[in-house]
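If you want the building blocks of each chain, they are given just below.
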Amino acid sequence: MKNEVKIFLASPRGFCAGVERAIDIVEKTITKFGSPVYVRHEIVHNKQVVENIKKKGTIFVEELSEVKDLTRPVIFSAHGVPKKVPEEAKIKNLFYIDATCPLVSKVHRESEQLNKNGYDIILIGHKNHPEVVGTMGQLPSGSISLIETVDEVKNLDPKLFKKPVAYITQTTLSVDDTAEIINKLKDKFPKIKEPVKEDICYATTNRQKAVKKIASDCDIFFVIGSRNSSNSVRLVEVAKKAGCKNSELMHSGKELPIDKIKKSKNIGISSGASAPEQLVQNLIFEIKKYCKVSLEEVVVAEEKVKFKLPKDLN
């Protein structure tokens, strides 16, 4: 006799407009210019998406020095790149298309503007994440100080900041954790300048809201996404904080915890902004092999955002 479980499906989940645009850019570049097409860094942080794009004629490289055929197009990933990357592409005479998410580009422009207006900039983000590397690489080395935790704010010495201070953030952070860091920064720098419009992107915020709404009702919570996907890892943390201690990241190759599922009454499911919806459906299909499932979709927002493609692809 199969046990009955209720699955709460968080909505919105999965692909955001920036990810859809980046994948679209790769596919349209292949259609227009043929293959192979080079992509610098994973176009988005999802193994299935990357494998799928590889099959269509894409070669992934970490640096432009790995590009073997300089006559082929090169695409920059959705996470954004330091200024030196397009400069290097121009020197090598490469034809490149930038798939940086427009919301990441907004943070880049913001940092340049703040620098021009004479601010010391603090970036809240995760060290070595490609988006953070890209943002810090918009300005000369040393122009941006990186902060990851509340403790790091405590250790900041205001006397070391000779100019007015402003902060910017990575777009895929935990809204609550970031709010805590921002509050501590405001205590330390009462006149700190904040972004006109919040840097954490709408999609990250919506996905976290949806998870928060259902996590406390769940015995187990699954977030589908890759281990190097910042927004997916944050969703697991959000689910745990919101009341479902038993929350885990379902990444490629991870085995389904069947015993835990069989003992559950309510299961929550969401997916990171770079995870295809098919992976969510596959997970539900697997759970149905062991349990009698009823589904409830919990919607906290409707997303209608669409980003234009670069003019080279029109």
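This text goes with the structure placed above it.
Residues numbered from 1 in each chain as written. Predicted model: local features only at pLDDT ≥ 70, side-chain atom pairs only at ≥ 80, totals over all residues. Heavy atoms only, no water.

Caption draft 1: Fine view of the overall build of the protein. Within the protein, the regular secondary structure consists of 11 helices and 12 strands. Relative to the 2.2 N^0.38 estimate, which gives 20 Å for 314 residues, the radius of gyration of the protein is 21 Å and therefore close to what a compact globule would have. In terms of overall dimensions, the protein has a C-alpha envelope of 65 × 55 × 30 Å along the principal axes. Counting contacts in the protein only where the partners sit at least 6 residues apart, residues at least 24 apart contribute 77% of the total. (Helix = DSSP H or I, 4+ residues; strand = E, 2+ residues; numbered from the N terminus. Rg over C-alpha atoms; globule rule 2.2 N^0.38 Å. Contact = heavy atoms within 4.5 Å.)

Caption draft 2: Local environment of the pairing of strand S2 (residues 37-40). Alternating positions in S2 separate into two faces, Val37 and Val39 on one and Tyr38 and Arg40 on the other, with burial throughout. Bridge count between S2 and strand S3 (residues 58-61): 4 bridges; the pairing is parallel. Considered in S3, the bridge of Val39 is made with Phe60. Running through helix H2 (residues 47-55), the crossover from S2 to the neighbouring parallel element S3 is right-handed. Bridge count for S2 against strand S4 (residues 74-76) is 3 bridges, and the pairing is parallel. Directly across from Val39, in S4, lies its bridge partner Ile75. (Buried < 20%, exposed > 50% of the residue type's maximum accessible area, 1.4 Å probe, protein only. Pairing = 2+ DSSP bridges. Right-handed = clockwise from strand over helix to strand, strands pointing away.)

Caption draft 3: Region of the structure containing the sheet that holds strand S8 (residues 165-169). Spatially, the 3 strands line up as an open sheet ordered S7-S6-S8, and their pairing is parallel. On the outer flanks of this sheet lie strand S7 (144-147) and S8, each paired with one strand and no other. For this sheet the average axis-to-axis angle between neighbouring strands, irrespective of direction, equals 30°. Inspection of the sheet shows strand S6 (residues 120-124) paired to S8 by 5 bridges, in the parallel sense. Paired with Ile122 across the two strands is Tyr167, which belongs to S8. In the packing of helix H4 (residues 102-116) onto the sheet, contacts are made with S6, S7 and S8, and the angle to S8 comes to roughly 170°. Packed onto the sheet, helix H7 (residues 175-188) meets S6, S7 and S8 and runs at close to 155° relative to S6. (Axes fitted to C-alpha atoms, helices over the stretch in contact; angles between N-to-C directions.)

Caption draft 4: Focus on the environment of Arg40. As for its placement among the helices and strands, Arg40 is situated in strand S2. In the structure, Arg40 is positioned 45 residues away from Val85 in sequence and 9.6 Å away in space, judged by C-alpha atoms. Sequence-distant contacts of Arg40, that is, excluding residues within four places in its chain, are made with Val61, Glu62, Glu63, Leu64, Ile75, Phe76, Ser77, Val81 and Val85. Engagement of the side chain of Arg40 in a polar contact is seen with the side chain of Glu63, the distance being 3.3 Å. (Polar contact = N/O pair within 3.5 Å; in protein donor to acceptor, adjacent residues only side chain to side chain.)

Caption draft 5: Representation of helix H1 (residues 17-33). In this model, H1 (17 residues) spans 24 Å end to end at C-alpha, consistent with the 24 Å of a helix rising 1.5 Å per residue. If you check which residues of H1 are buried, you get Ala17, Gly18, Val19, Arg21, Ala22, Ile23, Ile25, Val26, Thr29 and Ile30. One or two residues past the end of H1 sits Gly34, with phi positive at roughly 80°. (Expected span 1.5 Å × (residues − 1).)

Caption draft 6: Highlighting the nonpolar core. Ranked by size, the top nonpolar core spans 22 residues in total, and within it Ile25, Val26, Ile43, Val44 and Ile75 carry the most contacts. Broken down by secondary-structure element, the contributors of at least two residues to this core are H1, S2 and H2. Ranked by the residues each element gives to this core, the list is headed by H1, at 6 residues. In contact with Ile75, other than residues within four places in its own chain, are Ile25, Val26, Thr29, Val37, Tyr38, Val39, Arg40, Ile43, Ile97 and Ala99. If you look at the next biggest cluster of nonpolar residues, it comprises 18 residues, including Val5, Met250, Ile261 and Ala275. (Core = buried A, V, L, I, M, F, W, Y, C linked by side-chain atoms within 4.5 Å.)

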